[in-house]
Amino acid sequence: MSVPYYILLILYLVGVGVFLMWMFFNLYHLIKFGLFDFTGKLNGTIFILFSIAVIVVTFILLSGTPWLDTFELFSLPSGILEGTKINSGGFEL
Amino acid sequence: MTQDTTSALITPTGSLSEHKPLHFPTQRPNEHVVLLLRRHWTVLARDVIQLVLSLILPPTVLLILYFYTNFAIVPETPLYVLLVMVLSLYYLFSFLAFFHDFVDYHLDIWVVTDQRVVSIEQSGLFNRVVSELTILRIQDVTSEIKGKVQTFLDYGQVHIQTAGEQARFVFEQVPHPSEVAKVILQAHERAIQQDEMKQIRQSEAYRQEMKQPLGTPSPQPMPYTPPPSNPMTTRHIPPRHHADGSFGDTPPAPQI
């Protein structure tokens with residue numbers, strides 16, 4: 001069964017969307033209901049910076065992925081040991 | 001005694017000095033914060049340890065697989081893409097879980113003011129309970145330290161019993177519970193003193209008002225002037241003629 005790589009990207013972006021939504025709710029509560037003192041500001045800033053760093057590193061690591069190519073879904077477990085390479089010679093539509 | 005002096009007198013000192021009075025949401029304009037408490041830092045330390053463990057776990061597992069099995073990730077494989085995405089989401093949600101716990105910890109506060117005790121408890125993001133109790137209604141305050149860890153780190157529970165059958169107010173896992181109890185009782189006594197002073201002042205003012213001499217000239221009442229009659233609406237009644245020849249509105253006195 002062939003699956004295009006962009007499906008993985010869509011699933012990842014859905015996960016990031018859920019993360020951003022929860023992050024927004026948390027920050028909103030911290031600012032609206034809490035005492036937005038030094039501890040709150042420090043933790044909020046560290047959290048935002050860490051999240052940005054993780055997302056940026058992920059996109060750098062995945063920048064060379066040919067998103068329109070496909071891979072065999074059931075070949076993934078065997079690829080763990082064999083290290084099957086992505087066919088990145090061109091876009092096979 | 002003014003309120004400013006009162007709050008200054010019951011400002012916590014010593015080991016409670018780090019809980020310096022602040023402002024809090026729903027604070028009244030003339031209200032002075034005596035204590036603002038959160039749970040002990042060990043509650044948050046547990047979450048920090050969990051976060052550190054969850055951050056260390058993936059590289060540890062990958063290193064173990066690398067050194068003890070034939071596992072290898074070639075950068076241009078589908079597995080690599082999948083692994084990068086899964087690890088990215090894992091790290092994001094691990095940190096989100098920690099941040100969620102931090103917000104929960106940060107929003108749980110107990111405030112003692114010169115007028116009331118306020119408990120603000122956040123459980124989850126959409127569940128918030130704010131309860132308060134007038135400081136005059138406090139009957140007794142109990143501090144409780146349970147177990148070795150709480151004894152060693154000096155934190156525990158403070159129970160506030162109120163009049164009536166209301167449930168007890170509980171400050172959970174707060175630092176220096178016995179001193180907190182002392183400060184609450186001090187604030188309670190101060191509030192009672194203030195209340196008594198207020199009552200005395202009111203009764204004195206009333207007595208002063210009642211002591212005013214009776215001979216003091218009262219303001220002259222305004223003479224009554226009837227409203228001008230309207231000739232168009234006023235009916236003219238002619239004087240009555242009585243049997244004895246007199247006339248007028250009043251009947252003649254009976255002859256005995």
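Since the structure is predicted, the reported quantities are computational estimates derived from the model, not experimental observations.

1. Focus: the overall build of chain A
1) Next: For chain A, the helix and strand inventory stands at three helices and two strands.
2) Next: Reading the secondary structure of chain A in the N-to-C direction produces β-α-α-β-α.
3) Next: Taking all 93 residues of chain A together, the buried fraction comes to 12%.
4) Next: Summarising the internal contacts of chain A: among those between residues at least 6 apart in sequence, 59% fall at separations of at least 24.

2. Some remarks on the sheet that holds strand E4 (residues 128–134) of chain B
Within a sheet, neighbouring strands are paired by backbone hydrogen bonds and run either parallel or antiparallel to one another.
All names here are of chain B.
1) Next: If you trace the four strands from one edge of the open sheet to the other, you get E1-E2-E3-E4, paired in antiparallel fashion. Each edge of the open sheet is held by one strand with a lone partner, namely strand E1 (33–37) and E4. Within the sheet, the average angular offset between the axes of one strand and its neighbour, ignoring direction, is 10 degrees.
2) Next: Examined bridge by bridge, strand E3 (residues 116–122) and E4 share seven bridges and lie antiparallel to one another. Bridging across to E4, valine 117 finds its partner in leucine 133.
3) Next: Against the sheet, helix H5 (residues 177–210) engages E1 and strand E2 (109–113), with an angle of about 150 degrees to E1.

3. Some remarks on the packing of helix H1 (residues 5–32) of chain A against helix H2 (residues 38–61) of chain A
Residue and element names in this part refer to chain A.
1) Next: Contact geometry for H1 and H2: axes closest at 11 Å, N-to-C directions at 170 degrees. Taken together, the axis directions place H1 and H2 in an arrangement best described as roughly antiparallel. Contacts between H1 and H2 involve Val16, Met23, Leu27 and Leu30 on the former and, on the latter, Gly40, Gly44, Ser51 and Ile55.
2) Next: For the contact of H1 with H2, the per-class residue count stands at five nonpolar, three polar and no charged.

4. Quick notes on the domain arrangement of chain B
1) Next: On domain assignment, one finds that chain B holds domain 1 (3–39 + 108–207) and domain 2 (42–106).
2) Next: Of the residues that constitute the side of domain 1 of chain B that touches domain 2 of chain B, the class distribution is one nonpolar, two polar and three charged.

5. Overview of the sheet that holds strand E5 (residues 138–144) of chain B
Residue and element names in this part refer to chain B.
1) Next: Strand order in the open sheet formed by three strands is E5-E6-E7, with antiparallel pairing between adjacent strands. Each edge of the sheet is formed by a strand with only one pairing partner; in this case those strands are E5 and strand E7 (169–175). On average, each strand axis in the sheet is tilted by 20 degrees relative to the strand beside it, whichever way the strands run.
2) Next: Looking at chain direction, E5 and strand E6 (residues 155–162) are connected through six bridges and run antiparallel. Bridging across to E6, isoleucine 138 finds its partner in threonine 162.
3) Next: Against the sheet, H5 touches E5, E6 and E7, its axis set at about 170 degrees to E5.

About the thresholds
Residues numbered from 1 in each chain as written. Chains lettered and ligands numbered in written order. Predicted model: local features only at pLDDT ≥ 70, side-chain atom pairs only at ≥ 80, totals over all residues. Helix = DSSP H or I, 4+ residues; strand = E, 2+ residues; numbered from the N terminus. Buried ≥ 20, exposed ≤ 12 C-beta atoms within 10 Å, placed from the backbone. Contact = placed C-beta atoms within 7 Å. Pairing = 2+ DSSP bridges. Axes fitted to C-alpha atoms, helices over the stretch in contact; angles between N-to-C directions. Parallel < 35°, antiparallel > 145°, perpendicular 65-115°, else oblique. Nonpolar A, V, L, I, M, F, W, Y, C, P; charged D, E, K, R; others polar. Domains from an automatic or database assignment.

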